[in-house]
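Close look at the chain arrangement
What follows is each chain in one-letter form.
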Amino acid sequence: MPAAEPAPSSPSTRGALVLVVEDESVLAATLELVLRHDGFRTEHASDGHRAVALWRAADPDLVLLDLGLPGLDGTEVLKVMRRDATVPVVVLTARAEEADELHGLGLGADDYLVKPVSARKLLAHVHAVLRRATPAPKASASEVLRVGPLHVDPYRVEARVAGTAVPLTPSEFRLLAHMARAPGRAHTRDELYEAALPEGDGLERAVDVHVAHLRRKLRRAGTDGMIETVRGVGYRLGESPP
């Protein structure tokens, strides 16, 4: 990782605990050094089984996850995390194609970084994902966005369909909340990316993949077809399923 002056931490992310899951000891130590210098706390796991155990014990605010791990690979680790919780996950990958493949599996990582990555870029992505995982200060306990059977609560970062909780990743929640604030309006992909996904170097089809995940989860919760495709533009959240 090339040396670079870290970006200043923000009050909303300072002191957050990051679990670094990386089997290359030198790279892991460098990642921890950069994160700690910027005000983060860190824990480290060098294999998949240790990563799962430490994630459950330490309850980190974010997981920085390498895919190529001994014992239990990063894909399996992410499956476990997504089955039990919605902790923000930033995946480290050796090649862009791996990130695209992981997107296709629908496992719901919040961001992807291709090695080698600079300190500044790493911190920018970590801060962005954590900000999106934190309720906006302006959200009040009484603010609940209601669109048909769907209730989106920005204060508690919860989405429910007819009272049933819908488990969403932070990025999926941001995407849904943004559309729920203006139901019926068409949102461009660029707008949705800026509003809901981490800054910089995103995969071109990131919004489409997150929308596909949202549709699947809403369908499982008992409502289907609320997110409509607007040809040549992007998406809109309908008032009710068609």
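Our subject is the structure that appears above.
Here we summarise the structure given alongside this text. (Residues numbered from 1 in each chain as written. Predicted model: local features only at pLDDT ≥ 70, side-chain atom pairs only at ≥ 80, totals over all residues. Heavy atoms only, no water.)

Structural notes on the overall build of the protein chain
Counting its regular elements, the protein chain contains 8 helices and 12 strands. Look at the contacts in the protein chain between residues 6 or more apart in sequence, and 61% of them connect residues 24 or more apart. Accessible surface for the protein chain amounts to roughly 11,200 Å². Of this, 51% is attributable to carbon and sulfur atoms. (Helix = DSSP H or I, 4+ residues; strand = E, 2+ residues; numbered from the N terminus. Contact = heavy atoms within 4.5 Å. Areas by Shrake-Rupley, 256 points an atom, 1.4 Å probe, with all protein chains shown as cover.)

What about helix α2 (residues 48–58)?
Regarding α2, the residues found buried are Gly48, Ala51, Val52, Leu54 and Trp55. Two or three places before His49, at the opening of α2, Asp47 has a side-chain oxygen 3.1 Å from that residue's backbone nitrogen. (Buried < 20%, exposed > 50% of the residue type's maximum accessible area, 1.4 Å probe, protein only. Polar contact = N/O pair within 3.5 Å; in protein donor to acceptor, adjacent residues only side chain to side chain.)

Some words on the sheet that holds strand β12 (residues 234–237)
Pairing is antiparallel across the open sheet formed by 3 strands, whose spatial order is β10-β12-β11. Two strands in the sheet have a free side with no partner beyond their single neighbour: β10 (187–188) and β11 (227–230). On top of the sheet, helix α8 (residues 206–220) reaches β11 and β12; it is set at about 145° to β11, its chief contact. (Pairing = 2+ DSSP bridges. Axes fitted to C-alpha atoms, helices over the stretch in contact; angles between N-to-C directions.)

Focus on the packing of helix α7 (residues 189–196) against α8
It is at 9 Å that the axes of α7 and α8 come closest, and there the two elements cross at 75°. When the axes of α7 and α8 are compared, the pair comes out roughly perpendicular. Residues Arg189, Leu192 and Tyr193 of α7 touch α8, and the partners they reach there are Ala206, Val207 and Asp208. Residue composition of the contact of α7 with α8, by class: 4 nonpolar, no polar and 2 charged. (Parallel < 35°, antiparallel > 145°, perpendicular 65-115°, else oblique. Nonpolar A, V, L, I, M, F, W, Y, C, P; charged D, E, K, R; others polar.)

Some thoughts on the packing of helix α1 (residues 25–37) against helix α5 (residues 119–133)
It is at 11 Å that the axes of α1 and α5 come closest, and there the two elements cross at 65°. Taken as a pair, α1 and α5 cross one another with a handedness that is right-handed. On α5, the residues that touch Leu31, Val34 and Leu35 of α1 are Ala119, Leu122, Leu123 and Val126. The residue inventory of the contact of α1 with α5, partitioned by class, reads 7 nonpolar, no polar and no charged. (Left-handed = near helix turned anticlockwise from the far one by under 90°.)

Observations regarding the pairing of strand β1 (residues 17–21)
Counting buried positions over the 5 residues of β1 gives 5, a clear majority of the element. Alternating residues of β1 divide into Leu17, Leu19 and Val21 and Val18 and Val20, and every residue in both groups is buried. Relative to strand β2 (residues 41–45), β1 runs parallel, the two sharing 5 bridges. In the strand pairing of β2, Val20 is matched with His44. What joins β1 to β2 is α1, and the crossover it makes is right-handed. The sheet contact formed by β1 and strand β3 (residues 62–66) spans 4 bridges and is parallel. Bridge pairing in β3 places Val20 opposite Leu64. (Right-handed = clockwise from strand over helix to strand, strands pointing away.)

Quick look at the pattern of salt bridges
Applying the stated criterion across every chain yields a total of 11 salt bridges. For Glu172, the salt bridge goes to Lys217, with nearest N and O atoms at 2.6 Å. Linking Glu172 in helix α6 (residues 170–180) with Lys217 in helix α8, this pair joins segments that are 45 residues apart in sequence. You can call Glu172 buried: its relative accessible area is 1%. A relative accessible area of 17% means that Lys217 is categorised as buried. Among the salt bridges present, the one from Asp208 reaches Arg189, with a minimum N-O distance of 2.8 Å. (Salt bridge = Lys/Arg side-chain N within 4 Å of Asp/Glu carboxyl O.)

Comments concerning the nonpolar core
With 28 residues, the main nonpolar core has Leu150, Val152, Leu176, Met179, Ile227 and Leu237 as its most contacted residues. Only β6 (145–147), β7 (150–153), β8 (158–161), α6, α7, α8 and β12 provide two or more residues apiece to this core. It is α6 that provides the largest number of residues to this core, a total of 6 residues. Beyond its immediate stretch of four places on either side in the chain, Leu150 contacts Leu145, Arg160, Val161, Leu176, Leu218, Met226 and Leu237. Within the second largest apolar cluster, 21 residues are counted, among which are Leu69, Val77, Val89 and Ala109. (Core = buried A, V, L, I, M, F, W, Y, C linked by side-chain atoms within 4.5 Å.)

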